[in-house]
Amino acid sequence: MSEFRDFLNEQMKDPEFKAEYDALEDEFVIIQAMIDARKRSGLTQKQLAERTGIAQSDISKMENGNANPSLRTLKRLAAGMGMRLKFEFAPMGA
């Protein structure tokens, strides 16, 4: 993993690359929150799919950043994990 981290750190020196990477930060946060919640629930993607009726392949796509789930889908995923979806608006720079 350190090879990737070294590569990423080198790429981040390029202002254009850094701007694009930073623009995706919110998506990365949501994806990681989904994965962390599923793992805390002790569920595999397959088990979550069975609970929610969302295809396991679609859950995989969301967790890999290859799909943009709707608010409704995120709520279904949360409910399938025995959770509720919570988000907030925060001041810029916070």
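Residues numbered from 1 in each chain as written. Predicted model: local features only at pLDDT ≥ 70, side-chain atom pairs only at ≥ 80, totals over all residues. Heavy atoms only, no water.

Student: Please clarify how helix H4 (residues 45-52) should be interpreted in this entry.
Tutor: Residues three or four positions apart in an α-helix share a direction because the helix packs 3.6 residues into each turn. Among all positions in H4, only Gln 45, Leu 48, Ala 49 and Thr 52 are buried. Considered in projection along H4, the buried side chains sweep an arc of 105 degrees and stay on one side of the axis. Turned more than 90 degrees away from the buried face of H4 sit Lys 46, Glu 50 and Arg 51, all of them exposed. Buried residues in H4 make contact with helix H3 (25-40), helix H5 (56-63) and helix H6 (71-80). Count one or two residues on from H4 and you reach Gly 53, which has phi positive near 80 degrees. (Buried < 20%, exposed > 50% of the residue type's maximum accessible area, 1.4 Å probe, protein only. Helix = DSSP H or I, 4+ residues; strand = E, 2+ residues; numbered from the N terminus. Arc of directions from axis to C-beta. Contact = heavy atoms within 4.5 Å.)

Student: Looking at this structure, I do not really get the nonpolar core. What am I missing?
Tutor: Note on soluble globular proteins: their nonpolar side chains tend to be buried together. Core analysis: the largest hydrophobic core is formed by 11 residues, namely Met 34, Ala 37, Leu 43, Leu 48, Ala 49, Ile 54, Ile 59, Met 62, Leu 74, Leu 77 and Met 81. Broken down by secondary-structure element, the contributors of at least two residues to this core are H3, H4, H5 and H6. Each residue touching Ile 59, except ones within four places of it in the same chain, is listed here: Gln 45, Leu 48, Ala 49, Thr 52, Ile 54 and Leu 77. (Core = buried A, V, L, I, M, F, W, Y, C linked by side-chain atoms within 4.5 Å.)

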